[in-house]
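Descriptive structure summary
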Amino acid sequence: MKLSNTTYKTLKQSAIAFACVSILSTVAGCNKFLDTQPQGAYTLENYPYQAGAGPYDTYIFGAYNFLKDYNISAAPFIVATSIRSDDADKGSTASDGGADVITMDNFPVLPSNGIANALWVNHYTLINRCNIALDQIKNNTAIVADAAVKAQSEAEMRFLRGYSYFMLVRLFGGVPLIDKLSDVAQSNVPRATAAATYAFIEQDLQFAATNLPASWDPKFIGRTTRGAANGILAKVYLTQKKWAEAMNAANAVMTSGQYDLSTPYTRVFSEEGENGKESVFEIQGTASSTEPTANGIQYANIQGVRGSGTFDMGWGWNTPSPQLEAAYETGDPRKDRTILYTAAGSKSLYGEDIPTGLPNPRYNNKVYTNPTYRSLYNSRMGYWMNVRILRYADVVLMYAEAANEVGGAQNIASAVTALNSVRARARNGNTAILPNIVTTDQAVAREAIRRERRVELAMEHDRFFDLVRWGISQDAMTAAGKTNFSANRDNLLPIPQAQIDLSKGVLTPNPGY
Amino acid sequence: MKRTFTKIFFLAVLCFSAFSVFAQSTTIKGKVIDATDKLPLPGVTVTLSGGGNATQTDVNGNYTISAASNATLVFTYIGYTTQQLPVSGETMNVSLAQSSRNLEQVVVVGYGTQKRKDLTGSISSVNGDELAKQPSINPINALQGKVPGLTISTSGAAGSSPTVRLRGINTTSGSADPIYVVDGLIQTNIDFLNPGDIESIDVLRDASSVAIYGLRGGNGVIAVTTKKGAKGRTSVSFQSLTGIQHVTNTIDVTDAAGFRKLYSAQLANQGGAPFDYTNYTANTDWQKLILRDALISSNSLTVTNAGEKSTTVLSLGYNKQEGVVKYNDYQKYNIRLNEEIRITNDIKIGANVNGFHFVNNPTSVSLNNALWAAPIVGVQNGNQYYAMPSFQRAQVGNPVATLDRFDRTTIDKGYRVNGSLFAEIKFLKNFTWRSSVYTNLNFNSTRGYTPLPFTMINLGEGTTPTSTFLDPNIRTGVSQTSGELREYQQDHTLTYEKEFTGGHRLTALAGFTTLHSSATNLSGARTDFNLNVPNNPDFWYLDVVSQNGTGNIITNGGNGSVESTAGAFGRVNYAYQNKYLVNATIRRDGNSKISPANRWETFGSIGLGWVASEENFFKTALPGINYFKLRGAFGRLGNSSIQNYAFQPVTLNGTNAVFGDNIYSAVTTNYTADPNLRFEIIQGIDAGFDIRALDNRFNAEVSYYSKTTKGLLTRVTLPNGVPPLLTNLGDINNKGIEFSAGWNDKIGKDFKYGISGNFSYVKNKVTSIGPGFDFQLSNNNFINVTQTGQSVGYFYGYKQTGIYQTPADISRTPAFADSQPGDISYADINGDGVISAADRTYLGTPFPPYSYGLNLNFAYKGFDLAAQGQGVAGNKIYLQRRTAAFAPLNYEANRLNAWTGPGTSNVEPLINNARGNNYLFSTYFLEPGDYFRVRNLQIGYTFSPALLKKASIQTLRIFFSGQNIKTWSKTTGYTPEAQLGDVLASGADNGVYPVPAVYSLGLNVSF
């Protein structure tokens, strides 16, 4: 080839020019051109944490936020803890909800069940949010806080994490224990044993009980407290039959001076009864006419009356069973506060006429909303109702149960005293009903406490777990007509097939599935 | 001395000819005509071999050029074989033969063009005229079945863009869509183009052809060239067509009688009380009520004017498409102005401006709603609408009430302006510098209105009396959104092009490009609890609802994004004696989406070709073969089509914590970031041959390719609630064979015909999930699984073997512990005697491995007839729409054959939505996706020029066409075309919009 001088020169120059643009990866200006930043969004590194409130609050609130999640405190929660029990049925129309929900009512629950999977995934999501906050508390050097603040913040997160694992262990048995922000290579973790899971929960809740405040400023009402930690801890012990520890933990709540049984039973479940002296741990929801749902919880809506027009309040799920109805002593006023009857001529607790022809004879009256709020918020959906996770009466009855099981005349006597304090509040001054239990016999007291737990806490999500820990789930469920129930299999939900698949078999199925 | 002076003079004036000119120059005149019809050819470029003077023929085909007496003249014209003739006398009349089917045609190869005969990769071209024949508002739809390896899944929704996949699935991240390069400007779609404005579309299929686009080329490139106007002519052309769209097959759902029968059976099976149908006497076909025959119309007017110094193209377009789902309606307006000015022979500048405006009225009802609604409910009674029965009321609305309530309550408009400026300077004879700057601006805005609800009639059931209800909690509201997208691109290229003595041709190119895009979005909504905002668009602005009104709901939002890319590139094309071809490219790219440490990557390609038919021995041995080329190429490119900021987790605002009635803001992340995020790298080879034989009447092209994507950008669902991870996972391989062939001939003088077809096979295989990754990748509720050794997102589930007829059946055959008669029986894949999760297996792929197209053309005198068909085979479609079980929904007709007792059915399980086993994903929910569709059948008539001459009309053609008039398929949905939008969860039919048949009448006229 023949190239002229000029051509040569130009080729040389263009080669240099090309070399320049080729190495432009090192040119500062070009790198700056590529260094775009997220628009209108913070990263965890540059988030300007709020002044005034606790320095870790934004992360902590991210975890609290998830308590309101549909899966943590609405449909899956209701289905797995209540519809599964002998006290409640699915409700609504026969085929509503499909196989996922219908089989939770009358078994067997398949490993493909979407609700089981949602419970698994979202409790871990809550755990992950706690771990994000814990990571900030531990590792973010940009946030200056003294040791006490750090300990209290850590305690809040470990409370919520312990609560999540407690839900998981009761639903699924032993589960993978994830206690920090893990990288991907470390997040495919096998299941721990149930015992190891309980030990982990105890550590979290014990730390929380030591480091949480007894109460909060009113602007933070509903944040977790020492009482909540001790109360849940009592239930954790009770579930493991660690009676003495349970008695101590419950006693710590009862002697804290923060709680009492002064709130009338009927008021406890109303909007006015939220965060009262009865409240140990409540998931908080609120609404306004401008935000009828976004800051609330779908809890009441799912159980709301399935009518039309102004009585189109919800899905009509979780209806009290005839067995629950029969469990009340004659004249017990708690029955009417728990069961909303829809027979012709019925009235709601606020005096409204219940329409005829509703698809179900009974609804959960504890979630029935006040019409004043319905019109105030322009909504029939009840998103403003808090979810009572732990009430003081529950703590008192846990104390009674634990003390009775520890045994000895003195403990049995204080158990009966505690039991009667709950009955006295229910009696509400009417001496003709709910007489005091008088016994020194441990077995008689045990039965009385169990029956009291059932009616006092009816439709409050403990019944199924109580049946399992008392070892009477098979009999109770059979008696309630849930004939497909097989305790060996159905005391626990299946480990979701989707999770087993995702883990490529690192997770193992539960017995019987 | 004189000779030296002449030399200097020529160097100065004629821009540095490397070969000195010694001879005298003469002026040569002549006329260029078409070899076949002997008509003059205007616009033929006449140049001197080796550079120098250049001119063009005028309207009558005449030219004048001055050349040395020993020079060689080169006559080039698109679509014709170039002629090189040594100067012989002062008059040189030349006849040019039409080139053998596009061999001389230039195709877009990225930052330049190349002649088809010099290619070493796989590039398919489709002529704009062919596209214009198909009534479609989106020109891409018309490519279906025309290009081997190109899978297009059309949507019937008005104004919608189809899903386009080129040569299998190369990525698993957000977008597997190819990019569009419109006259050099990189675009993500060509919705804004007027179909009538397209000169040609080049589909760059293989890795070597797109390597020059670096990390934007990962999913292939579709290059669009718009019409530029023939030189020396002023022409006005008008294209118009109008048609009717009709849904040919609706989904077979039960009517009222069928529904009553099945729902009663379901209640009985589930122990529910019988339903009281007394008041439910209607028999409503909800699909029929929301579907309609809809209008489509496409019109464009193009004026071109090309003179000595400038070329102008002005084009106007108006397209309207009504949706077949009521009241979907889409209109688009286009305007384009293209101007090129040749300041001197060596300097030209130009500008192009596109304006695009759309007005969209979306449909307010979903097809699933019409499929689900119980047929026993009537539509309305006066102004009051019937609510669904109590068993559906909470979940399913009256589709017609929804349609009527929200009709024309959304005003969705968009404007798009894109423009470019370029300057091109030729210097030192062989160099061309070209700089272009582009801007693309999009402005979209919507205004919406929430009307008051209708009064609903709740029909009485059992003891519940009939009642009416007007929901007082639903109030009027308005909303507004506005979005803005800004893109700026610059390209600078330096090209060196030279033919050396001895048959060497060399083109070298170096360039630099940047692309910067940013977006801003704002939205707001207000609901008025005090006043009723009138149903009149004049009021639909946020401010019409007072901020201070008690109870008024006010929400707003806004966000933005920014992304930039920079790259440098080079290319060398070398040909020796038109026999041996070498094409090589290199590109280095950086992108802001990727973590800084891995932000830059190098891509490139090399291709080799051998035109055997140019060899003398070949010409002797195989004279019947006009052209034969063997080619092979390797290419490496990248992909970064993943969400912004994937390597740094941004916090998610909008979450809050509630304590009492106090609300506090909170922070969380919604994905797990990988700080070491890298590009996906796609590497592959392409090899094949092109052949033309029997006087160019036969042509064929065969390509084999294999390409592997490494380090797939993937969004991974993690167990235990850890937010999804965005990271680089394993490798996918796509290999395939593409074949296309055509035959064009004449019988007698007047009858012309052409047959062409193409076939492609692609095998998509995940070759590795990635080191250290121990999770299972799955999507769409574990329906689609991605695993080593199988296709991406294959269907994974149980195989139905029948229905358990009796308890004895269950004890005899493998079953679930809780199987009951009437349940689906599944195959015991692992042979352990029971059915369990371990019996799930590969059930098929959602991506069609085989696709083919067939084109027939006949012309006799003025008449022409074209038929085009297209099909796919080998894929499966997931009937997701049948899996909905959240409430009792209307049944598809297959359920009428449901099992009711031993021997009644061995396919359809009993009607009971509590039987979870029957909802497990299995072959019961799959249908074969094979189909063949008659895409277009068209008959046209072109009037004879002689007749038109009196009316000063140059050409006039009228045609009638039927599109999608017949489909052969086993699917039960509205269309058999697989939904491929979400790569890892493809193939689901969850209420796909119908692809209607279109009957249209059209007219093309030019003056």
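Residues numbered from 1 in each chain as written. Chains lettered and ligands numbered in written order. Predicted model: local features only at pLDDT ≥ 70, side-chain atom pairs only at ≥ 80, totals over all residues. Heavy atoms only, no water.

**A look at the interface of chain A and chain B**
Taken together, the contact pairs 92 residues of chain A with 100 residues of chain B. Between chain A and chain B lies a buried interface of about 7900 Å² when both sides are counted; carbon and sulfur atoms form 62% of it. It is A:Leu34, A:Val184 and A:Leu502 that lose the most area in chain A upon contact with chain B, and together they represent 8% of the buried surface on that side. Taken together, the connections running from chain A to chain B amount to three salt bridges. Between B:Asp471 and A:Arg380 there is a salt bridge, with its nearest N and O atoms 2.6 Å apart. (Contact = heavy atoms within 4.5 Å. Buried area = accessible area lost by both parts, 1.4 Å probe. Salt bridge = Lys/Arg side-chain N within 4 Å of Asp/Glu carboxyl O.)

**Quick look at the nonpolar core**
Within the largest apolar cluster, 122 residues are counted, with the highest numbers of intra-cluster contacts made by A:Phe159 and A:Phe172. Broken down by element, this core gets its largest block of residues, 12 residues, from helix α8 (residues 147–172) of chain A. Contact partners of A:Phe159, with chain neighbours within four places excluded, come to A:Leu205, A:Ala208, A:Leu212, A:Thr224, A:Ala228, A:Ala229, A:Ile232 and A:Phe281. With 45 residues, the next largest nonpolar core counts B:Ile251, B:Val253, B:Leu291 and B:Ala374 among its residues. (Core = buried A, V, L, I, M, F, W, Y, C linked by side-chain atoms within 4.5 Å. Buried < 20%, exposed > 50% of the residue type's maximum accessible area, 1.4 Å probe, protein only. Helix = DSSP H or I, 4+ residues; strand = E, 2+ residues; numbered from the N terminus.)

**What to know about the sheet that holds strand β22 (residues 380–381) of chain B**
Strand order in the open sheet formed by four strands is β22-β23-β26-β27 (chain B), and the pairing between neighbours is mixed. Of all strands in the sheet, those bounded by a partner on one side alone are β22 and β27 (467–469) of chain B. (Pairing = 2+ DSSP bridges.)

**A short note on the packing of aromatic side chains**
Enumeration over the complete set of coordinates arrives at 65 aromatic pairs over all chains. Taking 5.1 Å as the distance between ring centres and 80 degrees as the angle between the ring planes, the aromatic pair formed by A:Trp120 and A:Phe172 counts as edge-to-face. Taken as a pair, A:Trp120 in helix α7 (residues 114–139) and A:Phe172 in helix α8 lie far apart in primary sequence, 52 residues in all. In this structure, A:Trp120 and A:Phe172 share a single accessibility class: buried. Three or more aromatic residues joined by ring pairs make a cluster, and in this case those are B:Phe259, B:Tyr263, B:Phe275, B:Tyr277, B:Tyr280, B:Phe391 and B:Tyr891. (Phe/Tyr/Trp six-rings, centres within 6.5 Å; stacked < 30°, edge-to-face > 60°.)

**A closer look at the packing of helix α5 (residues 75–83) of chain A against α7(A)**
Residues and elements named next belong to chain A. Between α5 and α7, whose axes approach to 10 Å, the crossing angle comes to 110 degrees. The orientation of α5 relative to α7 falls into the category roughly perpendicular. As α5 packs across α7, the resulting crossing turns out to be left-handed. Mapping the contact onto sequence places Pro76, Phe77, Val79 and Ala80 in α5 and Ile115, Ala118 and Leu119 in α7. The residue makeup of the contact of α5 with α7, split by class, is seven nonpolar, no polar and no charged. (Axes fitted to C-alpha atoms, helices over the stretch in contact; angles between N-to-C directions. Parallel < 35°, antiparallel > 145°, perpendicular 65-115°, else oblique. Left-handed = near helix turned anticlockwise from the far one by under 90°. Nonpolar A, V, L, I, M, F, W, Y, C, P; charged D, E, K, R; others polar.)

**Some details on empty space enclosed by the protein**
All names here are of chain B. Taken as a whole and assessed by the stated rule, the structure comprises 18 cavities of 30 Å³ or more. In this model, the largest cavity occupies a volume close to 440 Å³. Residue lining of the largest cavity: 26 residues in total, with Arg882, Ala884, Tyr891, Arg895 and Tyr919 positioned closest to the centre. Take the lining of the largest cavity: its biggest share by element is three residues, from helix α6 (residues 367–372). Taken together, the residues of the lining of the largest cavity sort by class into 15 nonpolar, seven polar and four charged. (1 Å grid on protein atoms, 1.4 Å probe; cavity = no way out; pocket = protein on both sides within 12 Å on 5 of 7 lines; lining within 4 Å. Points joined across faces, edges and corners; volume = space filled by probe spheres on them.)

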